[in-house]
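Given next are the chains, with one letter for each unit.
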Amino acid sequence: MTKTEIPLPFRSVFLSRREFIQLGLAGVCAAWAGVFVQSRLFPSEQAVTEAKPVSIPLTDLPVGSSQQITYGGQSALVLRTQQSIKAFSLTCTHLGCLVEWRQDQQEFYCPCHDGRFDQFGEVVAGPPPVPLEQFPVRVVDEQVVIGEEV
Ligand code: FES
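To keep things clear, this report deals only with the structure shown in the data block. (Residues numbered from 1 in each chain as written. Predicted model: local features only at pLDDT ≥ 70, side-chain atom pairs only at ≥ 80, totals over all residues. Heavy atoms only, no water.)

### Focus: the sheet that holds strand β6 (residues 107-110)
What the four strands build is an open sheet, ordered β5-β6-β7-β8; its pairing is antiparallel. For this open sheet the edge positions go to β5 (100-102) and β8 (123-125), each flanked by a neighbour on one side alone. The sheet shows a mean angle of 35° between the axes of neighbouring strands, taken without regard to direction. Taken together, the four bridges between β6 and strand β7 (residues 115-118) define a ladder with antiparallel strand orientation. Counted as the bridge partner of C110 is G115 from β7. (Pairing = 2+ DSSP bridges. Helix = DSSP H or I, 4+ residues; strand = E, 2+ residues; numbered from the N terminus. Axes fitted to C-alpha atoms, helices over the stretch in contact; angles between N-to-C directions.)

### Things to note about the pattern of salt bridges
Taken as a whole and judged by the stated rule, the model has two salt bridges. When the shortest N-O distance is used, the salt bridge between E100 and R102 registers 3.7 Å. Assessed through its relative accessible area of 35%, E100 is described here as partly exposed. Between R116 and E107 there is a salt bridge, and its shortest N-O distance comes to 3.1 Å. Its relative accessible area of 33% is what places R116 among the partly exposed residues. Given the relative accessible area of 8%, E107 is considered buried. (Salt bridge = Lys/Arg side-chain N within 4 Å of Asp/Glu carboxyl O. Buried < 20%, exposed > 50% of the residue type's maximum accessible area, 1.4 Å probe, protein only.)

### Things to note about a nonpolar patch on the surface
Taken together, the side chains of L15, F20, I21, L23 and L25 present a nonpolar region at the surface, about 540 Å² in accessible area. With respect to the helices, strands and loops of the structure, F20 is situated in helix α1 (residues 17-41). Exposure remark for F20: the relative accessible area of 57% places this residue in the exposed category. (Patch = residues over 30% accessible without salt bridge, like charges linked within 9 Å, V, L, I, M, F, W, Y side chains within 5 Å. Areas by Shrake-Rupley, 256 points an atom, 1.4 Å probe, with all protein chains shown as cover.)

### Section: the state of the cysteines
Two cysteines whose sulfur atoms are joined by a covalent bond form what is called a disulfide. Going through the model one piece at a time under the given rule, you end up with one disulfide. Paired by a disulfide, C97 and C112 hold their sulfur atoms 2.0 Å apart. Between C97 and C112 the disulfide shows an S-S torsion of about -100°. By sign, it is left-handed. Taken together, the positions of C97 in the loop between β4 (85-89) and β5 and C112 in the loop between β6 and β7 put the pair 15 residues apart, joining distant regions of the chain. Its relative accessible area of 37% is what places C112 among the partly exposed residues. (Disulfide = S-S within 2.5 Å.)

Function cannot be inferred from these measures alone, as they are strictly geometric.
See below:
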């Protein structure tokens, strides 16, 4: 009778306890990272809809000026031109970096990947897929009000 030899080192097709635990921990870390990244890139709409309106005296916003505010937990910029007053989120629509307003060039610039938006929030260059988010603006009793009534 011949004996069948098992080649060494013998490798089971099943995971060892150590490998199983490592794989499980890696899966938990990956899921946590995914949730974290998603919450940073795509803030929930609920947070924005529950945002309280922000008021600025009209006299503090002369034509051609801008003012940075926080609306619904987001940085935003209120821009007053000859024609209108608009409020834009400063969160880039590509990967969520903060854009900056360049007064001299009349555009928003994202330093992360050279994204650029015009004064209407429209994409003019770079990878951002959609325009900057706009918030509703109205003028009531010499006050510029950004956001909806709750
Ligand atoms: S995050 Fe703004 S261009 Fe990429």
